[in-house]
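Chain residues, written in single-letter form:
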Amino acid sequence: MSILLVIPNRNLDKLIAKFQNLLPNTTIEVWPNVKEPQEVEYIVAWQPPKGSLAPYTNCKAIASFGAGVDSILQYDGLPDVPITRIVDENLAKDMSRYVLTHILAYQHRLETYFKQQIKREWKPKRARAGNKVTILGAGQLGSACANLLHLNGFDVSVWSRTKKSLANVNCYGSDQLTDAIQDADYIVCLLPATKETTHFINHDFLAKAKEGVVLINVARGNIVEEQSLLKALSINHVAHAILDVFSVEPLPKSHAFWQHACVTITPHCSALSNVDTVTQQLCENYLRLMQNQPLLNVVNKDLGY
Ligand code: NAP
Ligand code: GLV
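Everything quoted here is computed from the prediction, not taken from an experiment. Residues take numbers from 1 onward in each chain, read along the sequence in its written order. Numbering of ligands from 1 and lettering of chains from A proceed in the order in which they are written. Only residues with pLDDT of at least 70 get local features here, since the model is predicted, and only at 80 or more are side-chain atom pairs given and counted; chain-wide, interface and lining totals rely on the full set of residues. Water and hydrogen atoms play no part in the side-chain values, which are based on all heavy atoms of the structure.

Explain the packing of aromatic side chains residue by residue, including any values.
What counts as a ring pair is set by centres within 6.5 Å for rings of Phe, Tyr and Trp (its six-membered ring), and what kind of pair is set by the plane angle: stacked under 30 degrees, edge-to-face over 60, tilted for all other angles. Scanning the model with the defined rule gives five aromatic pairs in all. Ring plane angle 10° and centroid distance 5.3 Å describe the contact between Trp 159 and Phe 200, whose orientation is recorded as stacked. One end of the pair, Trp 159, is in strand β7 (residues 155-159); the other, Phe 200, is in the loop between β9 (186-189) and α7 (203-208), with 41 residues separating them in the sequence. The class for Trp 159 is buried, based on a relative accessible area of 9%. Both rings, one in Phe 246 and one in Phe 257, keep their centres 6.1 Å apart while their planes meet at 55°; by these two values the pair is tilted. Only DSSP runs of H or I with at least four residues qualify as helices, and only runs of E with at least two residues qualify as strands; both kinds are numbered from the N terminus onward. Burial here depends on accessible area, computed with a 1.4 Å probe over protein chains only, as a share of the maximum for the residue type. Under 20% is buried, over 50% is exposed, and the range in between is partly exposed.

Residue-level account of the environment of Lys 18, with values.
Relative to the helices and strands, Lys 18 resides in helix α1 (residues 13-22). Separated by 258 residues in the primary sequence, Lys 18 and Asp 276 place their C-alpha atoms 7.6 Å from one another. Non-local contacts of Lys 18, meaning those with residues more than four positions away in its chain, are made with Val 275, Asp 276 and Thr 279. Here, residues are in contact when the closest pair of their heavy atoms is within 4.5 Å.

Tell me about the site of ligand 1, and name the residues and values.
The local shell around ligand 1 holds 29 residues, among which Arg 85, Leu 141, Thr 162, Lys 164 and Tyr 305 are the closest. Between ligand 1 and Arg 220 there is a distance of 3.1 Å, counted from an oxygen atom to a side-chain nitrogen or oxygen. The side chain of Asp 244 places a nitrogen or oxygen atom 3.0 Å from a nitrogen atom of ligand 1. Considered on its own, ligand 1 offers 940 Å² of accessible surface; in the complex 91% of this is hidden by protein. Per-element accounting of the shell around ligand 1 gives the leading share, three residues, to helix α5 (residues 140-151). Nonpolar residues are Ala, Val, Leu, Ile, Met, Phe, Trp, Tyr, Cys and Pro. Charged residues are Asp, Glu, Lys and Arg, and all others, Gly as well, are polar. A per-class count over the shell around ligand 1 returns 13 nonpolar, ten polar and six charged. What marks off one domain from the next here is an automatic or database domain assignment. Each of domain 1 (2-88 + 273-290) and domain 2 (89-265) accounts for three or more of the residues forming the shell around ligand 1. Being near a molecule or strand, for a residue, comes down to having at least one heavy atom within 4 Å of it. In protein, a polar contact requires one atom able to donate a hydrogen and another able to accept it; more generally it is a pair of N or O atoms within 3.5 Å, and residues adjacent in sequence count only if both atoms are side-chain atoms. The protein chains shown are the only cover counted for residues, whose accessible areas, like all others here, come from Shrake-Rupley with a 1.4 Å probe.

Can you explain the domain arrangement of the protein? Please cite residues and give values.
For the protein, the assigned domains read domain 1 (2-88 + 273-290) and domain 2 (89-265). Distance from the C-alpha centre of domain 1 to the C-alpha centre of domain 2: 32 Å. Between domain 1 and domain 2, the contact holds eight residues from the first and seven residues from the second. A buried area of about 670 Å², summed over both sides, lies between domain 1 and domain 2, and 48% of it is on carbon and sulfur atoms. Salt bridges, as used here, are contacts in which a Lys or Arg side-chain nitrogen is within 4 Å of a carboxyl oxygen on Asp or Glu. Connecting domain 1 to domain 2 are one salt bridge. Close ionic contact of Arg 220 with Asp 70 constitutes a salt bridge, the shortest N to O distance being 3.0 Å. The tally of links from domain 1 across to domain 2 stands at five residue pairs in polar contact (both at pLDDT 80 or more). Buried surface area refers to the total accessible area, computed with a probe of radius 1.4 Å, that the two partners give up upon joining, counted for both partners together.

This is how it looks when you write it as structure tokens:
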């Protein structure tokens, strides 16, 4: 019996040491050098290459190393086993703070003052008006963001597949998209990447938003149709985009976003998995699997999240 880590392009030494500390009698295998494929019962995966999860016919569960499972669900031929994800309060805290920080920085024109400082310019301006934030997705991260933004005086709405009932937040269901976004000064995307959400933020979506809206995408790059966003930025229908995630990551050096004056880029870092918390959750589920107990944070494979 073993645990297999399929997490390419990362140094896994720390993670392996933590697993060995919590599960000293369990073999940890690392893809692609798997010594005994038939012994693999539990796979921990993050952005697994195509086909890399298929050969393990005795695998009983696959765990995502992060909150999203899109990189695991994207390929056919996945073993027909439960898939779990990370649900972590600290991840939600980091994400909420990232979103609040960027909205406040935009409101208070920090980017302008950083540029002025370099040129020793003194040109004060009132902070931008606009206090309405709509969050697409009201799951673990979306609802945490809604709460923090409300506590900081924002008028917050959330839009989700099933309509929520959150204190101090205007809640909209999937058939109320126009109502949810038409007045928003800021739209924050915290939807999962699924078949339904691919290129969801496209020309038609942006046309429903008001002129001068600020878009913040902290979910997944392929939810935004990037050419439509560039077009909307070029006519100032979208005043600014704050993007943490992109269709292709790392964002290619030739991409138009890099040089765009109205785009703020961060390198997929708004909420990074904490190795300690993640390892604890992964080990807890592994022990549950071994004892035939229900797993925690199982995703719905039909819905894709
Ligand atoms: P979650 O708890 O699964 O919540 C997803 C939310 O999206 C739910 O409210 C869900 O509606 C809604 N939703 C899903 N499909 C929809 C659709 N087609 N139309 C309308 N609403 C839809 O997910 P989470 O933990 O909040 O995380 C959200 C995403 O953030 C993850 O999937 C991941 O891709 C991304 N993420 C990014 C980073 C980063 O560093 N940038 C870090 C962590 C996570 P219901 O409530 O009705 O089900
Ligand atoms: C990060 O993007 C995650 O899904 O945890």
